[in-house]
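So you can see what is in the structure, the chains are spelled out below.
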Amino acid sequence: MLNLKDAALQREACLVGGEWVGADDNGFDDVTNPADGSVIGRIPRLGEAETLRAIDAAEEALPAWQALTAKARGALLRRWHDLLLEHQEDLAALMTAEQGKPLAESRGEIGFAASFFEWFAEEGRRTYGDVIPTPQSDRRLLVVKQPVGVCAAITPWNFPAAMIARKAGPALAAGCTIVIKPAGQTPYSALAMAELAMRAGIPAGVVNVVTGEARAIGKAMTESPKVRKLSFTGSTAIGKMLLKQSADTVKKVSMELGGNAPFIVFNDADLEKAVEGVMQAKFRNAGQTCVCANRIFVQAGIHDAFTERLAEEVAKLKVGPGNEEGVHVGPMIDAPAADKVLEQLEDALAKGGKLLLGGQRQNGNFLTPAVITGATPQMACFGEETFGPLAPVFRFESEGEVIALANATEYGLAAYCYTRDLGRAWRMSEALEYGMVGINNGHVSTCEAPFGGIKQSGLGREGSYLGIEDYLETKYINMAIE
Ligand SMILES: NC(=O)C1=CN([C@@H]2O[C@H](COP(=O)(O)OP(=O)(O)OC[C@H]3O[C@@H](n4cnc5c(N)ncnc54)[C@H](OP(=O)(O)O)[C@@H]3O)[C@@H](O)[C@H]2O)C=CC1
Ligand SMILES: O=C(O)CCCC(=O)O
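In this text the structure is predicted, and so the values were computed from the model without any measurement. (Residues numbered from 1 in each chain as written. Chains lettered and ligands numbered in written order. Predicted model: local features only at pLDDT ≥ 70, side-chain atom pairs only at ≥ 80, totals over all residues.)

Student: So what's going on with the UniProt feature "active site" (unreviewed entry) in the protein? Which residues, and what values?
Tutor: As annotated by UniProt and renumbered to match this structure, "active site" (unreviewed entry) occupies Glu256. Topologically, Glu256 is positioned in strand S11 (residues 252-256). Of the residues examined, Glu256 has 27 C-beta atoms within 10 Å and is grouped as buried. Residue contacts for Glu256: discarding those within four places in its chain leaves Thr233, Gly452, Gly458 and Glu462. (UniProt positions renumbered as here; feature names shortened; annotations may be inferred. Helix = DSSP H or I, 4+ residues; strand = E, 2+ residues; numbered from the N terminus. Buried ≥ 20, exposed ≤ 12 C-beta atoms within 10 Å, placed from the backbone. Contact = placed C-beta atoms within 7 Å.)

Student: Go over the site of ligand 1 with me, naming the residues and quoting the values.
Tutor: Near ligand 1 lie 23 residues; those nearest to it are Pro156, Gly184, Gly218, Gly234 and Ser235. In terms of residue count, helix H7 (residues 214-223) provides more of the shell around ligand 1 than any other element does, three residues in total. Counting residues domain by domain, the shell around ligand 1 receives three or more from each of domain 1 (7-257 + 457-478) and domain 2 (261-439). (Near = placed C-beta within 6 Å. Domains from an automatic or database assignment.)

Student: For the sheet that holds strand S6 (residues 139-147), give the residues involved together with the corresponding values.
Tutor: Read across the sheet, three strands follow the order S5-S6-S22 without closing on themselves; strand pairing throughout is antiparallel. The sheet is open, and its two borders are formed by strand S5 (130-132) and strand S22 (472-480), each paired with just one other strand. On average, each strand axis in the sheet is inclined to that of its neighbour by 25 degrees, with strand direction left out of account. Two strands pair when backbone bridges link them, and S6 and S22 are joined in this way by nine bridges, in the antiparallel orientation. Each residue of the ladder has a partner; that of Arg140, found in S22, is Met479. (Pairing = 2+ DSSP bridges. Axes fitted to C-alpha atoms, helices over the stretch in contact; angles between N-to-C directions.)

Student: Account for the site of ligand 2, with residues named and values stated.
Tutor: In the vicinity of ligand 2, the residues found are Asn158, Phe159, Glu256, Arg284, Thr289, Cys290, Val291 and Ser445. When residues of the shell around ligand 2 are assigned to domains, at least three fall in each of domain 1 (7-257 + 457-478) and domain 2 (261-439).

Student: Can you break down the confidence of the model for the protein residue by residue, with the values?
Tutor: Mean pLDDT for the protein: 98, with 100% of residues reaching 70 or above. The complex prediction reports pTM at 0.97, with the ipTM value standing at 0.95. (pLDDT = per-residue confidence, 0-100.)

Student: Account for helix H11 (residues 335-350), naming residues and giving values.
Tutor: Its 16 residues give H11 an end-to-end C-alpha distance of 22 Å, which sits within 8% of 22 Å, the value for a rise of 1.5 Å per residue. Taken as a whole, H11 has its buried residues at Ala337, Ala338, Val341, Gln344, Leu345 and Ala348. In a view along the axis of H11, the buried residues occupy a sector of 125 degrees, so they form one face of it. Away from its buried face by more than 90 degrees, H11 exposes Pro336 and Ala350. In the core, the buried residues of H11 are packed alongside strand S15 (361-362), strand S16 (366-367), strand S17 (370-373), helix H12 (380-383) and strand S18 (390-396). Looking one or two residues beyond H11, the residue adopting positive phi is Gly352, at roughly 105 degrees. (Expected span 1.5 Å × (residues − 1). Arc of directions from axis to C-beta.)

Student: So what about the packing of helix H4 (residues 103-123) against helix H5 (residues 162-174)? Which residues, and what values?
Tutor: If you want to describe how two helices pack, look at the angle between their axes and the distance between the axes. Here H4 crosses H5 at 10 degrees, and the two axes come no closer than 8 Å. With respect to H5, the axis of H4 lies roughly parallel. When H4 is examined against H5, the residues Glu109, Phe112, Ala113, Phe116, Phe117, Trp119, Phe120, Ala121 and Glu123 are found in contact with a partner set consisting of Ala162, Ala165, Arg166, Gly169, Pro170 and Ala173. In the contact of H4 with H5, the residues fall into eleven nonpolar, one polar and three charged. (Parallel < 35°, antiparallel > 145°, perpendicular 65-115°, else oblique. Nonpolar A, V, L, I, M, F, W, Y, C, P; charged D, E, K, R; others polar.)

Student: Describe the pairing of S17, naming the residues involved and giving the relevant values.
Tutor: Covered by surrounding structure in S17 are Ala370 and Ile372 together with Val371 and Thr373, the residues of both alternating faces. By the bridge criterion, three bridges tie S17 to S18 in an arrangement that is parallel. From the neighbouring strand, Ile372 faces S18, where its bridge partner is Pro392.

Student: Residue-level account of the sheet that holds strand S19 (residues 414-418), with values.
Tutor: If you walk across this open sheet you meet the seven strands as S14-S17-S18-S13-S12-S19-S20, and the pairing is mixed. Lying at the two open borders of the sheet, with one neighbouring strand each, are strand S14 (354-357) and strand S20 (436-439). Sheet twist, expressed as the average angle between the axes of neighbouring strands with direction ignored, equals 25 degrees. Pairing analysis gives four bridges linking S19 to S20, with the strands arranged parallel. Paired with Ala414 across the two strands is Met436, which belongs to S20. Of the strands in this sheet, strand S12 (261-265), strand S13 (293-299), S18 and S19 touch helix H9 (residues 271-283), which is tilted by about 165 degrees from S19. The strands touched by H11 within the sheet are S14, S17 and S18, with S18 carrying the most contacts at an inclination of about 35 degrees.

Student: So what about the packing of helix H3 (residues 88-99) against H4? Which residues, and what values?
Tutor: Two numbers describe how H3 lies on H4: the axes approach to 8 Å, and their chain directions differ by 120 degrees. Taken together, the axes of H3 and H4 are oblique relative to one another. Of the two possible hands of crossing, H3 and H4 adopt the one that is right-handed. Here H3 contributes Gln88, Leu91, Ala92, Met95 and Thr96 to the contact with H4, which in turn contributes Leu103, Ser106, Arg107, Glu109 and Ile110. Its residues placed into classes, the contact of H3 with H4 shows five nonpolar, three polar and two charged. (Left-handed = near helix turned anticlockwise from the far one by under 90°.)

Student: Tell me about unusual backbone geometry, residues and numbers included.
Tutor: Here the phi dihedral of Asn285 falls at roughly 55 degrees; this positive angle occurs in a residue that is not glycine. Tracing the chain through its elements places Asn285 in the loop between H9 and S13. Judged by local crowding, Asn285 falls into the buried class, with 22 C-beta atoms found within 10 Å. Positive phi outside glycine occurs at Ser464, with the angle close to 65 degrees. Here Ser464 shows up in the loop between strand S21 (458-459) and S22.

Student: I'd like to hear about H3, residue by residue, with values.
Tutor: Over its twelve residues, H3 runs 16 Å from end to end, which matches the ideal 16 Å to within 8%, given 1.5 Å per residue. Of all twelve residues in H3, ten are buried; the element is thus mostly enclosed. For H3, every residue scored as buried is listed here: Asp90, Leu91, Ala92, Ala93, Leu94, Met95, Thr96, Ala97, Glu98 and Gln99. Looking at the packing, one finds that the buried side of H3 touches strand S3 (28-32), strand S4 (39-44), helix H2 (70-86), H4 and helix H6 (187-200). Directly after H3, the chain includes Gly100, whose backbone phi takes a positive value near 100 degrees.

Written as structure tokens, this is what we have:
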């Protein structure tokens, strides 16, 4: 167990209908620290039956929750936000222990997570309907928004708190109840958030958290007709499977899937700002972010100067356990994740890439950040999501060429472009087939803006005024008045 100021935040039970419960067969899974493989604790291994009970609990809690005013729900969400910030240090320590990211990033993620509760606490009061000018004098046409009902959320390990808040915030604000399945590798952040939801006074059954067997829990969530919406963040492969599984009950779905972000630097870019931007976009969370720069395209005229400065900055990154002072890059989440990055590196080198620095594996799952030049579309790092600290630099000549290269992927989540030419900034923003574009900026995520992808990067948007729409149904009322 971890040494927290508030020890009750390290929960080792699931929250179902306001009760802390274990698996029916008392099964458990160990949770390990990716920095050293040590066991942090164990969490219940729930399956289909327990998940169905959690869905029942969410259904039971629904009428009273949706009957509250948006203002009343917002006050509870706001309290949940406050509690996250009050316990930021403990929550960050939990997150770093189970996920590996540097403590400063964990603290930042708790703030980011809390921001969704605050934003949607307010946004819930603005789920306006419509009055439509009537085509018949004896009729009135109205549109109202209503909560979709019981929701399910399946979340990944790379942002163990924020991905939950981005789904639970709008769901609760809209008047929905929710069953959350966090990633098996990072359940403690979710369980601590559930504990704080209870302390905030959110009624029993409104927020439920189940940990355990992914396949069985996913099956229960997708097959149950009581679940009206599924929101998933994770790999494209699992997302496609859950989409298919949700088809039989015709659920609403939100999918936030993989990315393959191009980071484009034109000759006229501010070199220092571009280097700063790529450091942020590439190495945050050790490169394990779906909006991470995956392919770095640099125009020929600035290529050599850019790669030289990039290598200088990358050499300054300190790799180590996230709870150690001054560390920038923590461990990969697990051995297969580290293997995948090294395989991409080997493939790139075998195909003519030149390694400028990094690429060593240290103490298990730590990777020293790597930069390669001479990257080409034939390399695996062009077509696949890397999800790690490998920065491949591709040289390009013209705007048309880089647009074609950037869009030559089935993904369409985030893209970045550095240029001081206003016309080009505008043209690139329009031409890039991505849900989000950062111009002269390597960090686009914020609760006020719509986060999400096109093509095989997903469906729906999270955050912003659009984020709550996914948790609302539109009802049209045609009223005869005579
Ligand atoms: N868009 C993003 O932010 C993310 C993208 N990825 C990409 O995916 C790759 C693999 O990561 P990985 O952790 O395997 O991602 P997954 O898609 O496997 O995991 C995401 C979530 O889905 C759950 N899950 C897995 N299998 C099923 C299933 N059959 N039914 C229901 N839920 C399921 C996981 O549970 P459990 O943990 O218990 O297996 C976890 O909660 C990464 O390298 C990266 O490329 C990964 C994470 C986030
Ligand atoms: O990967 C995500 O879905 C969250 C991104 C948060 C960030 O940009 O840091």
